[in-house]
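A structural walkthrough
Each chain, letter by letter, is given below.
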Amino acid sequence: MTTPAAPLTLYSGLKSKIEAREARVAVIGLGYVGLPLALLYCGQKFPVTGFDIDQQKVRTLQNGGSYIYRIPAEEIQQARGRGLNATFDFAELAEMDVIIICVPTPLDEHHEPDLSYIEKTAESISPHLQAGQLVVLESTTYPGTTEEVLIPILEKGNPRGLKAARAGITEGDQFFVVFSPEREDPGNQSVERRDIPKVVGGLDPQASDLAAVLYGTVFHRIVKVSSPAVAEMTKLLENIYRCVNIALVNELKMLSLRMGLDIWEVIEAAATKPFGFHPFYPGPGLGGHCIPVDPFYLSWKAKEWDFRTRFIELAGEINAAMPYHVLAALAGALNVRKKALNGARVLVLGVAYKRDIDDLRESPALTIIELLQREGAVVSYHDPYIPFVGKGRKYDLQMKSVNLDDLGQYDCVLIVTDHSSYDFARIAREARLVVDTRNATQGVGGENIVRC
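Residues numbered from 1 in each chain as written. Predicted model: local features only at pLDDT ≥ 70, side-chain atom pairs only at ≥ 80, totals over all residues. Heavy atoms only, no water.

1. Overview of the overall build of the protein
A count of helices and strands for the protein gives 13 helices and 16 strands. In terms of overall dimensions, the protein is globule-like: its C-alpha atoms have a radius of gyration of 24 Å, near the 22 Å expected for 452 residues. Here the C-alpha coordinates of the protein stretch approximately 80 × 50 × 40 Å along the principal axes. Counting the 452 residues in the protein, one finds 54% classified as buried. Contacts spanning at least 24 positions in sequence make up 69% of the contacts within the protein whose residues lie at least 6 apart. Per element, the accessible surface of the protein, about 20,500 Å² overall, is 52% carbon and sulfur. Measuring between centres, the 47 positive side-chain charges of the protein sit 2 Å from its 56 negative side-chain charges. (Helix = DSSP H or I, 4+ residues; strand = E, 2+ residues; numbered from the N terminus. Rg over C-alpha atoms; globule rule 2.2 N^0.38 Å. Buried < 20%, exposed > 50% of the residue type's maximum accessible area, 1.4 Å probe, protein only. Contact = heavy atoms within 4.5 Å. Areas by Shrake-Rupley, 256 points an atom, 1.4 Å probe, with all protein chains shown as cover. Lys, Arg positive; Asp, Glu negative; His and termini not counted. Charge placed at Lys NZ, Arg CZ, Asp CG, Glu CD.)

2. Some thoughts on the packing of helix α10 (residues 294–302) against helix α11 (residues 310–336)
It is the contact of α10 with α11, at a shortest axis distance of 10 Å, that shows an interaxial angle of 140 degrees. Considering the angle they form, α10 stands oblique to α11. When you trace α10 past α11, the crossing you get is left-handed. Of the residues in α11, those in contact with Pro295, Phe296, Leu298 and Ser299 of α10 are Ile312, Glu313 and Gly316. A class-by-class count of the residues in the contact of α10 with α11 yields 4 nonpolar, 2 polar and 1 charged. (Axes fitted to C-alpha atoms, helices over the stretch in contact; angles between N-to-C directions. Parallel < 35°, antiparallel > 145°, perpendicular 65-115°, else oblique. Left-handed = near helix turned anticlockwise from the far one by under 90°. Nonpolar A, V, L, I, M, F, W, Y, C, P; charged D, E, K, R; others polar.)

3. So, the sheet that holds strand β10 (residues 345–349)
Strands sit in the order β11-β10-β14-β15-β16 across an open sheet of 5 strands; the sheet is parallel. A strand with exactly one partner marks an edge of an open sheet, and here the two such strands are β11 (378–382) and β16 (449–451). With strand direction ignored, the average angle separating the axes of adjacent strands in the sheet is 20 degrees. Pairing geometry for β10 and β11, over 5 bridges, is parallel. Bridging across to β11, Leu349 finds its partner in His382. (Pairing = 2+ DSSP bridges.)

4. Observations regarding the pattern of salt bridges
Think of it this way: side chains of opposite charge can pair up when their charged atoms draw near. Considering all chains together, one arrives at 17 salt bridges under this definition. The salt bridge involving Lys235 is made with Glu182; its shortest N-O contact spans 3.6 Å. Taken together, the residues span a long stretch of sequence, with Lys235 in helix α8 (residues 228–259) and Glu182 in the loop between β7 (174–179) and β8 (198–202) at a distance of 53 residues. The residue Glu184 makes a salt bridge to Arg193 at a minimum N-O spacing of 2.9 Å. Each member of the salt-bridge network shares a partner with another, and the members are Lys17, Arg24 and Asp97. (Salt bridge = Lys/Arg side-chain N within 4 Å of Asp/Glu carboxyl O.)

Here it is in structure tokens:
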């Protein structure tokens, strides 16, 4: 098939700009995914502009500061020196060549997909959309979102009558659309971002080619798939795989506790097998922007096809129940010591959803704190990365991190997040009671330690 002249000109023009590092890159959503991505492109000397509706984030970046722990202010200042700009004026999108969308995709109160961030972002882009621009969605979502939600808004809302480039459609000016799932792993120091393969699925082959060239400037390996829906499903499979396996070990942990077995010892022994086994570890519940949320996107979409995803739903039930298991274990440990949970002073160690990060999203610690408070416990917390917990989508705690000077004042110290800066031997020595949800006190003796 011969490619039409007009789309070829748009395609070749943008491809040349990308290869020459002259393409102006917009990143919408300057959070844990968008800001690191913007910095990667700055490092490759692309002119980058970050867009966010949070004016405080924009001002912080413009002043050379950072609001993400693992990204030092010096890195922002270096990027500013290379031309990084930040704004909340979406009219500037008209000057961009590439628009990358990195906005949240949470669940609503009914555990159904909340696509409002994608929809509002698309509505903000569409009036400023230009022919030949490449629009990439990175936000995790169900298969079909790019074609069923994003593209219709972009096509309907732009005043120039632009259409997304599709195979077999040749008339009029067009823009290119791709889905490329983010694969951020906050706190992971063992794998460089550049070494994480980038999956791209374009609405047409030219869109995929453009995205491959774009991402190939910052990632070492590009994996092209046949459509946006395949790329969307790829991301969900990755997270569902983890969700189901974590649920499995969480269930086995509860069984092992009844049987008097150490599930962590069991997992370590199983992990010595050089094939057919990958270790997953139990904990107080799931956290982060992906694993607790993304599987439900597929469960919701499956209903459209009269299909029930039973493994996903069961895994979700098991993982969602873990904070309640922690509550019961803590109450039981206090009861053995003739202390009621109602009125007990409890110190929660760590509220980030995993070790050594400042990310609260979907953290099981938030649920645990609320459950403890509901039962009448007097709750404090400490986290070296999160000095204050205010109001979020599903919580309103208004708590400050306390110091660790006098652990003996608490009836129980509850380890929820095993930050590497904690001295667990000292904690076990000074606390009256330690309830450990992470096996952080492995190798530390003491009758005051309860593992759950």
